[in-house]
Amino acid sequence: MTDQLRLKSFNLGKFVIEYLVFIAIVLLVIITAIVEPRFLSAENFTNLMRQFGPLSFVALGMTFIIVGGFIDLSVPGMISLVAIISLSLVDTIGEIPAILVGLALGAAMGCLNGTILIISGASTQAKALFITFGMSQVYGALALIHTDGTSMNRNLLEHEMPLTRVLGSGMLGPLSVSFVVFLFFLTVLYIFQTRTFLGRSINYTGGNIVAAELSGIPTKRIMILIYAICGFMAAVSAVVLFSRVSVTTPTVGMNYERDAIMAVVVGGTSLLGGRGNVLRTVLGVSLVVLMSNCMNLMGVQSHLQEVVRGAILVIAIWLDHRRQ
């Protein structure tokens with residue numbers, strides 16, 4: 001009888017740890033709906049979908065990096081540089097070509113990150129952390145140099161930007177256009193991760209890079225691939241970000257790497273690599289966005305919100321250790 005109770009207690013604890021994010025989301029929604037009735041309004045629902053946008057794209061890209069056993073702190077610099085370059089090209093080549101250049105630039109910066117890591121022999125997460133942090137400084141400095149440290153006002157551009165306006169405030173039925181774009185990328189990346197050889201190879205590489213190499217998996221190609229995906233998704237985030245605001249600064253990407261890593265780890269992707277998927281990341285992003293929205297509605301001070309975010313990241317890392 002005692003053994004049965006212990007087994008039930010163990011299974012219950014395992015269930016709670018495994019589905020803690022979902023449980024936290026449900027409790028957060030219930031408590032906030034009771035305390036703040038505006039939470040359930042249609043206006044707030046639309047606002048939640050738009051808040052979901054930029055962070056969700058970065059988090060999807062970061063998922064592949066962390067599953068592959070690495071880390072990428074260059075996201076803020078990439079977002080800032082893509083946003084500035086894309087906007088500065090609108091009057092010269094038009095809106096759509098400028099956006100395409102920005103997306104290509106993001107993928108190129110990701111490939112550059114992966115190539116530098118390979119050349120420098122950085123095969124661990126710790127080495128990748130410092131190198132990508134340095135690259136973030138480079139990309140951010142280039143954005144500042146390009147604008148001479150000044151902001152760019154989208155409304156002052158001579159060329160019309162209808163696509164950007166639709167992306168920033170358009171609706172398709174009850175869903176925002178940016179949320180529909182997110183669902184598209186989520187579907188494509190989920191199929192890639194679970195149904196293709198390269199997608200599954202990312203998990204094998206993150207689990208044990210030496211064993212993966214001995215098994216014939218092209219680990220160097222995988223490294224460049226995951227950083228290219230992260231760079232491209234950071235570029236998508238930059239486009240969505242400047243579509244929502246009229247004024248874009250050369251530091252617009254600040255702190256997105258922190259929130260993206262938090263969302264990925266909270267969602268259940270292992271920091272050690274080898275385990276996780278983009279669907280679980282969606283849960284992590286949902287919790288981060290809901291938490292921010294709830295604290296804003298209840299008037300929580302911004303500095304206290306930072307304390308809460310830091311505490312959640314620490315708890316998420318502790319839970320990841322417990323799962324291991």
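Here we look at the packing of helix H8 (residues 177–195) against helix H11 (residues 219–244)
For step 1, the next point in the chain: Between H8 and H11, the least distance of the axes is 12 Å, while the angle of their chain directions is 170°. With respect to H11, the element H8 is oriented roughly antiparallel. Within the contact between the two elements, H8 uses Ser-178, Phe-185, Leu-189 and Phe-192 and H11 uses Leu-225, Ile-229, Phe-232, Met-233, Val-236 and Val-240.
For step 2, the next point in the chain: In terms of residue class, the contact of H8 with H11 is made up of nine nonpolar, one polar and no charged.

Re a nonpolar patch on the surface
For step 1, the next point in the chain: Together, Tyr-19, Phe-22, Val-26, Leu-27, Ile-30, Ile-31, Ile-34, Val-35 and Met-298 make up an exposed nonpolar region whose accessible area comes to about 880 Å².
For step 2, the next point in the chain: One can find Ile-30 in helix H2 (residues 20–35).
For step 3, the next point in the chain: Residue Ile-30 is classed as partly exposed on the basis of its relative accessible area of 46%.

What about the packing of aromatic side chains?
For step 1, the next point in the chain: Considering all chains together, one arrives at nine aromatic pairs under this definition.
For step 2, the next point in the chain: Seen in terms of ring centroids, Phe-57 and Phe-185 are 6.0 Å apart; in terms of plane orientation they differ by 90°. Their pairing is edge-to-face. Note that Phe-57 is positioned in helix H3 (residues 42–67) and Phe-185 in helix H8, a separation of 128 residues in sequence. Across the pair, Phe-185 and Phe-57 agree in class, each one buried.
For step 3, the next point in the chain: Grouping aromatic residues by their ring pairs yields a cluster made of Phe-52, Phe-57, Phe-179, Phe-182, Phe-184, Phe-185 and Phe-232.

Each value, and the rule that gives it
- Residues numbered from 1 in each chain as written.
- Predicted model: local features only at pLDDT ≥ 70, side-chain atom pairs only at ≥ 80, totals over all residues.
- Heavy atoms only, no water.
- Axes fitted to C-alpha atoms, helices over the stretch in contact; angles between N-to-C directions.
- Helix = DSSP H or I, 4+ residues; strand = E, 2+ residues; numbered from the N terminus.
- Parallel < 35°, antiparallel > 145°, perpendicular 65-115°, else oblique.
- Contact = heavy atoms within 4.5 Å.
- Nonpolar A, V, L, I, M, F, W, Y, C, P; charged D, E, K, R; others polar.
- Patch = residues over 30% accessible without salt bridge, like charges linked within 9 Å, V, L, I, M, F, W, Y side chains within 5 Å.
- Areas by Shrake-Rupley, 256 points an atom, 1.4 Å probe, with all protein chains shown as cover.
- Salt bridge = Lys/Arg side-chain N within 4 Å of Asp/Glu carboxyl O.
- Buried < 20%, exposed > 50% of the residue type's maximum accessible area, 1.4 Å probe, protein only.
- Phe/Tyr/Trp six-rings, centres within 6.5 Å; stacked < 30°, edge-to-face > 60°.

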